[in-house]
Amino acid sequence: MTANIKDNIISILESNKGLFISGEKLANDLNVSRTAIWKAVKSLRNEGYDIYSVSNKGYSLSKETDMLSSKIIKNNMPKYSDKFNFKIYKTVESTNIIARDMAVNGAESGTVVLAEEQTNGYGRNGKSFFSPYGTGIYMSIILNLKKEKKLFNSSFITTAAAMAVSKSIEEVSNENTQIKWVNDVFINEKKVCGILTEGAFSFEDGRLDYAVIGIGVNVNFPKNGFPKELDNIAASINLKNDTINTQSDMRNILIAKILENLYDYYFNDVVFYEEYKKRSFLIGKKVSININDKEHIVRVLDIDETFALIIEFQNGKIDRVISGSVNYKLS
Ligand code: BTN
(Lines give C-alpha, C1' and ligand atoms only; values in the text may rest on other atoms or scores of the structure.)
Protein backbone atom coordinates (compact mmCIF):
# COMPACT_ATOMS: atom_id res chain seq x y z
CA MET A 1 0.00 0.00 0.00
CA THR A 2 1.36 3.41 -0.83
CA ALA A 3 2.21 5.61 2.11
CA ASN A 4 0.50 8.33 0.14
CA ILE A 5 -3.04 7.02 0.65
CA LYS A 6 -2.40 6.73 4.37
CA ASP A 7 -0.87 10.22 4.54
CA ASN A 8 -3.82 11.65 2.65
CA ILE A 9 -6.38 9.89 4.85
CA ILE A 10 -4.64 11.13 8.00
CA SER A 11 -4.47 14.60 6.58
CA ILE A 12 -8.23 14.64 5.87
CA LEU A 13 -9.16 13.06 9.21
CA GLU A 14 -6.74 15.36 11.08
CA SER A 15 -8.40 18.45 9.67
CA ASN A 16 -11.82 17.04 10.61
CA LYS A 17 -10.82 15.63 13.97
CA GLY A 18 -13.80 14.22 15.89
CA LEU A 19 -16.07 14.36 12.80
CA PHE A 20 -17.06 11.41 10.60
CA ILE A 21 -16.08 11.27 6.92
CA SER A 22 -17.67 8.54 4.83
CA GLY A 23 -15.56 5.86 3.14
CA GLU A 24 -17.21 6.82 -0.12
CA LYS A 25 -16.16 10.46 0.20
CA LEU A 26 -12.60 9.49 1.10
CA ALA A 27 -12.46 7.09 -1.85
CA ASN A 28 -13.80 9.74 -4.25
CA ASP A 29 -11.55 12.51 -2.95
CA LEU A 30 -8.46 10.34 -3.16
CA ASN A 31 -9.49 8.61 -6.34
CA VAL A 32 -9.05 5.09 -4.95
CA SER A 33 -11.41 2.20 -4.16
CA ARG A 34 -13.27 1.89 -0.87
CA THR A 35 -11.34 -1.33 -0.23
CA ALA A 36 -8.10 0.63 -0.51
CA ILE A 37 -9.45 3.09 2.07
CA TRP A 38 -10.48 0.27 4.39
CA LYS A 39 -7.04 -1.36 4.10
CA ALA A 40 -5.24 1.92 4.70
CA VAL A 41 -7.37 2.64 7.80
CA LYS A 42 -6.59 -0.84 9.12
CA SER A 43 -2.88 -0.23 8.65
CA LEU A 44 -3.11 3.22 10.30
CA ARG A 45 -4.84 1.63 13.29
CA ASN A 46 -1.98 -0.86 13.56
CA GLU A 47 0.38 2.08 13.68
CA GLY A 48 -1.56 3.37 16.67
CA TYR A 49 -3.98 5.91 15.18
CA ASP A 50 -7.24 5.92 17.07
CA ILE A 51 -9.68 5.80 14.13
CA TYR A 52 -13.36 4.98 14.77
CA SER A 53 -15.55 3.51 12.09
CA VAL A 54 -19.34 3.55 12.30
CA SER A 55 -21.50 2.06 9.59
CA ASN A 56 -23.39 4.67 7.57
CA LYS A 57 -21.23 7.41 9.06
CA GLY A 58 -17.68 6.52 8.06
CA TYR A 59 -14.35 7.14 9.73
CA SER A 60 -13.30 9.57 12.42
CA LEU A 61 -9.99 10.30 14.09
CA SER A 62 -10.36 10.49 17.84
CA LYS A 63 -9.98 13.98 19.27
CA GLU A 64 -7.69 12.47 21.84
CA THR A 65 -5.35 10.92 19.30
CA ASP A 66 -1.96 11.82 20.54
CA MET A 67 0.53 10.78 17.91
CA LEU A 68 3.50 12.19 16.13
CA SER A 69 2.52 13.06 12.59
CA SER A 70 4.75 14.30 9.79
CA LYS A 71 1.67 15.85 8.25
CA ILE A 72 0.88 18.02 11.29
CA ILE A 73 4.55 18.88 11.74
CA LYS A 74 4.83 20.03 8.12
CA ASN A 75 1.54 21.92 8.30
CA ASN A 76 3.08 23.95 11.11
CA MET A 77 6.26 24.81 9.22
CA PRO A 78 5.43 27.90 7.18
CA LYS A 79 9.04 28.49 6.13
CA TYR A 80 11.03 25.30 5.71
CA SER A 81 8.71 22.30 5.44
CA ASP A 82 10.46 21.24 2.23
CA LYS A 83 13.85 21.14 3.95
CA PHE A 84 13.00 18.24 6.25
CA ASN A 85 11.76 14.69 5.84
CA PHE A 86 10.62 12.48 8.65
CA LYS A 87 10.99 8.87 9.72
CA ILE A 88 8.58 8.25 12.57
CA TYR A 89 8.77 5.09 14.68
CA LYS A 90 6.72 3.81 17.56
CA THR A 91 9.40 2.17 19.67
CA VAL A 92 13.12 2.28 19.05
CA GLU A 93 16.19 1.69 21.11
CA SER A 94 17.41 5.20 20.40
CA THR A 95 16.65 7.65 17.59
CA ASN A 96 20.34 8.63 17.59
CA ILE A 97 21.35 5.04 16.81
CA ILE A 98 18.92 4.88 13.88
CA ALA A 99 19.98 8.30 12.62
CA ARG A 100 23.66 7.39 12.83
CA ASP A 101 23.05 4.27 10.72
CA MET A 102 21.11 6.32 8.21
CA ALA A 103 23.83 8.98 8.11
CA VAL A 104 26.52 6.35 7.48
CA ASN A 105 24.42 5.18 4.55
CA GLY A 106 24.30 8.67 3.10
CA ALA A 107 20.99 10.08 4.38
CA GLU A 108 20.39 13.69 3.38
CA SER A 109 20.71 16.67 5.70
CA GLY A 110 17.32 17.42 7.16
CA THR A 111 16.36 13.79 7.66
CA VAL A 112 14.66 13.68 11.05
CA VAL A 113 14.15 10.49 13.06
CA LEU A 114 11.37 10.61 15.64
CA ALA A 115 9.95 8.00 17.99
CA GLU A 116 7.04 7.76 20.38
CA GLU A 117 9.25 5.87 22.80
CA GLN A 118 12.92 4.92 23.30
CA THR A 119 13.90 1.79 25.18
CA ASN A 120 17.54 2.84 25.48
CA GLY A 121 17.63 6.59 25.00
CA TYR A 122 20.97 7.97 26.12
CA GLY A 123 22.63 11.27 26.87
CA ARG A 124 26.06 12.60 27.61
CA ASN A 125 28.48 10.74 29.87
CA GLY A 126 26.67 7.45 29.28
CA LYS A 127 23.58 8.61 31.20
CA SER A 128 20.25 7.18 30.14
CA PHE A 129 17.50 9.49 28.90
CA PHE A 130 14.00 8.79 30.26
CA SER A 131 11.83 8.33 27.14
CA PRO A 132 8.35 6.97 27.97
CA TYR A 133 5.73 6.39 25.24
CA GLY A 134 3.93 9.40 23.79
CA THR A 135 5.21 11.78 26.43
CA GLY A 136 8.17 13.63 25.03
CA ILE A 137 10.01 14.54 21.88
CA TYR A 138 12.76 12.09 21.02
CA MET A 139 14.27 13.45 17.85
CA SER A 140 17.52 13.05 15.92
CA ILE A 141 18.38 15.38 13.06
CA ILE A 142 20.93 14.34 10.46
CA LEU A 143 23.43 16.77 8.97
CA ASN A 144 25.27 15.30 6.02
CA LEU A 145 28.42 17.37 6.28
CA LYS A 146 30.11 15.88 3.23
CA LYS A 147 27.50 17.63 1.13
CA GLU A 148 27.25 20.81 3.24
CA LYS A 149 29.19 23.83 2.13
CA LYS A 150 29.19 25.04 5.73
CA LEU A 151 32.06 24.29 8.02
CA PHE A 152 30.92 22.31 10.99
CA ASN A 153 31.55 23.67 14.43
CA SER A 154 30.22 21.28 17.03
CA SER A 155 29.75 23.79 19.82
CA PHE A 156 27.94 26.13 17.42
CA ILE A 157 25.44 23.51 16.26
CA THR A 158 24.82 22.35 19.79
CA THR A 159 24.22 25.85 21.09
CA ALA A 160 22.02 26.59 18.07
CA ALA A 161 19.93 23.54 18.94
CA ALA A 162 19.63 24.60 22.60
CA MET A 163 18.60 28.09 21.55
CA ALA A 164 16.06 26.69 19.06
CA VAL A 165 14.47 24.51 21.76
CA SER A 166 14.49 27.29 24.34
CA LYS A 167 12.85 29.81 21.99
CA SER A 168 10.35 27.29 20.61
CA ILE A 169 9.16 26.25 24.08
CA GLU A 170 8.44 29.91 24.82
CA GLU A 171 6.53 30.22 21.55
CA VAL A 172 4.11 27.42 22.46
CA SER A 173 3.88 27.93 26.22
CA ASN A 174 3.80 30.49 28.96
CA GLU A 175 7.08 29.23 30.32
CA ASN A 176 10.33 31.13 30.67
CA THR A 177 13.27 28.98 29.74
CA GLN A 178 16.90 29.20 30.68
CA ILE A 179 19.94 27.55 29.10
CA LYS A 180 22.55 25.83 31.18
CA TRP A 181 25.81 25.98 29.20
CA VAL A 182 26.31 24.32 26.86
CA ASN A 183 23.01 22.89 25.83
CA ASP A 184 20.58 21.92 28.58
CA VAL A 185 17.28 23.79 28.62
CA PHE A 186 15.67 24.49 31.98
CA ILE A 187 12.32 25.67 33.30
CA ASN A 188 12.32 26.90 36.91
CA GLU A 189 15.68 25.32 37.62
CA LYS A 190 14.54 21.92 36.33
CA LYS A 191 15.83 20.34 33.13
CA VAL A 192 13.27 20.08 30.35
CA CYS A 193 15.56 19.25 27.43
CA GLY A 194 18.89 17.57 26.84
CA ILE A 195 20.86 17.55 23.60
CA LEU A 196 23.50 15.11 22.45
CA THR A 197 25.34 15.73 19.19
CA GLU A 198 27.29 12.83 17.73
CA GLY A 199 29.37 12.66 14.57
CA ALA A 200 31.99 10.70 12.69
CA PHE A 201 35.25 11.91 11.21
CA SER A 202 36.55 10.87 7.84
CA PHE A 203 39.91 9.10 7.92
CA GLU A 204 40.82 10.66 4.60
CA ASP A 205 40.64 14.35 5.42
CA GLY A 206 39.95 14.42 9.15
CA ARG A 207 36.72 16.37 8.59
CA LEU A 208 33.34 15.47 9.99
CA ASP A 209 31.37 13.24 7.63
CA TYR A 210 28.08 13.65 9.40
CA ALA A 211 26.54 14.87 12.60
CA VAL A 212 23.41 13.73 14.38
CA ILE A 213 21.76 16.20 16.74
CA GLY A 214 19.77 14.23 19.31
CA ILE A 215 17.16 16.29 21.13
CA GLY A 216 15.07 15.00 24.01
CA VAL A 217 12.30 17.21 25.43
CA ASN A 218 9.96 16.32 28.30
CA VAL A 219 6.73 17.74 26.91
CA ASN A 220 3.88 16.15 28.82
CA PHE A 221 4.07 15.15 32.45
CA PRO A 222 4.61 11.35 32.34
CA LYS A 223 1.49 9.28 33.19
CA ASN A 224 3.26 7.61 36.10
CA GLY A 225 5.35 10.63 36.99
CA PHE A 226 9.11 10.97 36.62
CA PRO A 227 11.27 8.26 38.18
CA LYS A 228 12.37 9.15 41.70
CA GLU A 229 15.88 10.15 40.69
CA LEU A 230 14.48 12.70 38.21
CA ASP A 231 11.64 13.98 40.35
CA ASN A 232 13.41 17.08 41.61
CA ILE A 233 15.42 17.80 38.51
CA ALA A 234 13.16 17.21 35.50
CA ALA A 235 10.42 19.50 34.21
CA SER A 236 7.63 19.18 31.68
CA ILE A 237 5.91 21.97 29.75
CA ASN A 238 2.59 23.65 30.38
CA LEU A 239 1.51 24.58 26.91
CA LYS A 240 -0.66 27.50 25.90
CA ASN A 241 -4.13 26.10 25.50
CA ASP A 242 -5.38 29.06 23.57
CA THR A 243 -3.01 28.45 20.67
CA ILE A 244 -2.97 24.67 20.58
CA ASN A 245 -6.03 22.46 20.62
CA THR A 246 -4.93 19.01 21.57
CA GLN A 247 -2.08 17.33 23.40
CA SER A 248 -0.91 15.66 20.19
CA ASP A 249 -0.66 18.96 18.41
CA MET A 250 1.57 20.24 21.19
CA ARG A 251 4.39 17.82 20.46
CA ASN A 252 3.99 18.12 16.71
CA ILE A 253 3.88 21.92 16.80
CA LEU A 254 6.86 22.15 19.12
CA ILE A 255 8.86 19.89 16.77
CA ALA A 256 7.92 22.13 13.84
CA LYS A 257 9.04 25.25 15.67
CA ILE A 258 12.30 23.72 16.86
CA LEU A 259 13.21 22.70 13.30
CA GLU A 260 12.32 26.08 11.83
CA ASN A 261 14.29 27.98 14.45
CA LEU A 262 17.24 25.61 14.07
CA TYR A 263 17.17 26.06 10.32
CA ASP A 264 17.32 29.83 10.76
CA TYR A 265 20.27 29.64 13.15
CA TYR A 266 22.25 26.96 11.38
CA PHE A 267 21.59 27.41 7.67
CA ASN A 268 20.43 31.01 7.45
CA ASP A 269 22.99 32.43 9.87
CA VAL A 270 20.43 34.21 12.03
CA VAL A 271 22.50 35.56 14.92
CA PHE A 272 21.45 34.28 18.33
CA TYR A 273 24.46 34.94 20.57
CA GLU A 274 22.85 37.76 22.59
CA GLU A 275 19.63 35.79 23.12
CA TYR A 276 21.60 32.71 24.12
CA LYS A 277 23.65 34.71 26.61
CA LYS A 278 20.54 36.35 28.08
CA ARG A 279 19.12 32.91 28.85
CA SER A 280 22.34 31.50 30.29
CA PHE A 281 21.99 31.28 34.01
CA LEU A 282 25.56 30.34 34.93
CA ILE A 283 27.09 33.78 34.37
CA GLY A 284 28.20 35.24 37.71
CA LYS A 285 27.76 31.92 39.55
CA LYS A 286 30.31 29.94 41.50
CA VAL A 287 30.19 26.43 40.05
CA SER A 288 32.13 23.24 39.88
CA ILE A 289 33.30 22.27 36.42
CA ASN A 290 34.69 18.98 35.25
CA ILE A 291 37.46 19.48 32.72
CA ASN A 292 39.31 16.38 31.47
CA ASP A 293 38.00 14.35 34.43
CA LYS A 294 39.13 16.89 37.02
CA GLU A 295 36.74 18.94 39.15
CA HIS A 296 37.48 22.63 39.65
CA ILE A 297 35.62 25.25 41.65
CA VAL A 298 35.44 28.36 39.50
CA ARG A 299 33.44 31.54 38.97
CA VAL A 300 31.75 31.92 35.58
CA LEU A 301 32.58 35.36 34.22
CA ASP A 302 31.06 35.27 30.76
CA ILE A 303 30.23 33.34 27.59
CA ASP A 304 32.14 34.65 24.58
CA GLU A 305 30.94 34.90 21.00
CA THR A 306 32.25 31.42 20.19
CA PHE A 307 30.06 30.13 23.05
CA ALA A 308 33.09 29.28 25.20
CA LEU A 309 32.71 29.69 28.96
CA ILE A 310 35.05 32.25 30.51
CA ILE A 311 35.93 31.12 34.00
CA GLU A 312 38.06 32.36 36.86
CA PHE A 313 39.86 29.76 38.98
CA GLN A 314 40.24 30.26 42.70
CA ASN A 315 43.87 31.31 42.19
CA GLY A 316 42.71 34.15 39.96
CA LYS A 317 43.68 32.53 36.68
CA ILE A 318 41.18 33.20 33.90
CA ASP A 319 40.54 30.61 31.21
CA ARG A 320 38.30 29.85 28.27
CA VAL A 321 36.56 26.46 28.15
CA ILE A 322 34.80 24.99 25.14
CA SER A 323 33.43 21.84 26.73
CA GLY A 324 32.92 20.43 30.18
CA SER A 325 30.11 19.58 32.52
CA VAL A 326 29.04 22.12 35.09
CA ASN A 327 27.41 21.59 38.47
CA TYR A 328 25.94 24.86 39.72
CA LYS A 329 24.36 23.52 42.90
CA LEU A 330 27.33 23.50 45.21
CA SER A 331 26.79 22.00 48.62
C1 BTN B 1 21.62 14.76 27.80
O2 BTN B 1 20.78 15.31 28.54
O3 BTN B 1 22.72 14.40 28.22
C4 BTN B 1 21.28 14.55 26.36
C5 BTN B 1 20.02 13.76 26.17
C6 BTN B 1 19.72 13.50 24.70
C7 BTN B 1 18.48 12.65 24.52
C8 BTN B 1 18.07 12.55 23.08
S9 BTN B 1 16.47 11.86 22.90
C10 BTN B 1 16.71 11.69 21.20
C11 BTN B 1 18.12 11.20 21.01
N12 BTN B 1 18.19 9.76 21.18
C13 BTN B 1 18.95 9.41 22.22
O14 BTN B 1 19.17 8.24 22.58
N15 BTN B 1 19.42 10.50 22.83
C16 BTN B 1 18.97 11.72 22.19
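These numbers were taken from a predicted model, which means no experiment stands behind them.

*Asks:* Teacher, can you tell me more about the nonpolar core here?
*Replies:* Note on soluble globular proteins: their nonpolar side chains tend to be buried together. Membership of the largest hydrophobic core comes to 66 residues, with the highest contact counts inside it found for Met139, Trp181, Ile215 and Val217. Ranked by the residues each element gives to this core, the list is headed by helix H7 (residues 247-266), at 10 residues. Both domain 2 (70-278) and domain 3 (282-329) contribute no fewer than three residues apiece to this core.

*Asks:* Sorry if this is basic, but what is going on with the sheet that holds strand E14 (residues 325-327) here?
*Replies:* Sheet strands line up and pair through hydrogen bonds in the backbone, either parallel or antiparallel. Taken in spatial order, the 5 strands of this open sheet run E13-E12-E11-E10-E14, and their pairing is antiparallel. One side of each edge strand has no neighbouring strand; the edge strands of this open sheet are strand E13 (318-321) and E14. On average, each strand axis in the sheet is inclined to that of its neighbour by 45°, with strand direction left out of account. Here strand E12 (residues 309-313) runs beside E13; their pairing, made up of 4 bridges, is antiparallel. Residue isoleucine 310 lies in a different strand from E13, and its bridge partner there is arginine 320.

*Asks:* Just to check I follow, could you spell out the sheet that holds strand E6 (residues 177-180) for this structure?
*Replies:* Pairing is mixed in the open sheet, where 7 strands are placed in the order E3-E4-E5-E9-E8-E7-E6. What marks the edges here is a single partner per strand, and that holds for strand E3 (85-92) and E6. On average, adjacent strands in this sheet sit at an angle of 20° to one another, irrespective of strand direction. Where E3 lies against strand E4 (residues 111-118), 7 bridges are found, and the strand directions are parallel. When the bridges of E4 are listed, isoleucine 88 appears paired with leucine 114. In the packing of helix H5 (residues 95-104) onto the sheet, contacts are made with E3, E4, strand E5 (137-144), strand E8 (190-201) and strand E9 (208-217), and the angle to E9 comes to roughly 160°.

*Asks:* Would you explain unusual backbone geometry in this entry?
*Replies:* Residues apart from glycine generally show negative phi values, whereas peptide bonds are mostly found in trans. Here tryptophan 181 and valine 182 are connected by a cis peptide whose omega angle stands at 5°. Note on placement: valine 182 falls in the loop between E6 and strand E7 (184-187). The residue glutamate 189 is not glycine, and still its phi comes out positive at about 65°. Structurally, glutamate 189 is set in the loop between E7 and E8. We classify glutamate 189 as partly exposed; its relative accessible area is 43%.

*Asks:* Would you mind going over the side chain of glutamate 260 with me for this structure?
*Replies:* Looking at the secondary structure, you find glutamate 260 in helix H7. Put simply, glutamate 260 is tucked away with no salt bridge, and the nearest opposite charge, on lysine 79, sits 5.3 Å away. Separated by 2.9 Å, the side chain of glutamate 260 and the backbone nitrogen of lysine 79 make a polar contact. Residue contacts for glutamate 260: discarding those within four places in its chain leaves Met77, Pro78, Lys79, Tyr80 and Ser81.

How each quantity is defined
- Residues numbered from 1 in each chain as written.
- Predicted model: local features only at pLDDT ≥ 70, side-chain atom pairs only at ≥ 80, totals over all residues.
- Heavy atoms only, no water.
- Core = buried A, V, L, I, M, F, W, Y, C linked by side-chain atoms within 4.5 Å.
- Buried < 20%, exposed > 50% of the residue type's maximum accessible area, 1.4 Å probe, protein only.
- Helix = DSSP H or I, 4+ residues; strand = E, 2+ residues; numbered from the N terminus.
- Domains from an automatic or database assignment.
- Pairing = 2+ DSSP bridges.
- Axes fitted to C-alpha atoms, helices over the stretch in contact; angles between N-to-C directions.
- Contact = heavy atoms within 4.5 Å.
- Lys, Arg positive; Asp, Glu negative; His and termini not counted.
- Salt bridge = Lys/Arg side-chain N within 4 Å of Asp/Glu carboxyl O.
- Polar contact = N/O pair within 3.5 Å; in protein donor to acceptor, adjacent residues only side chain to side chain.

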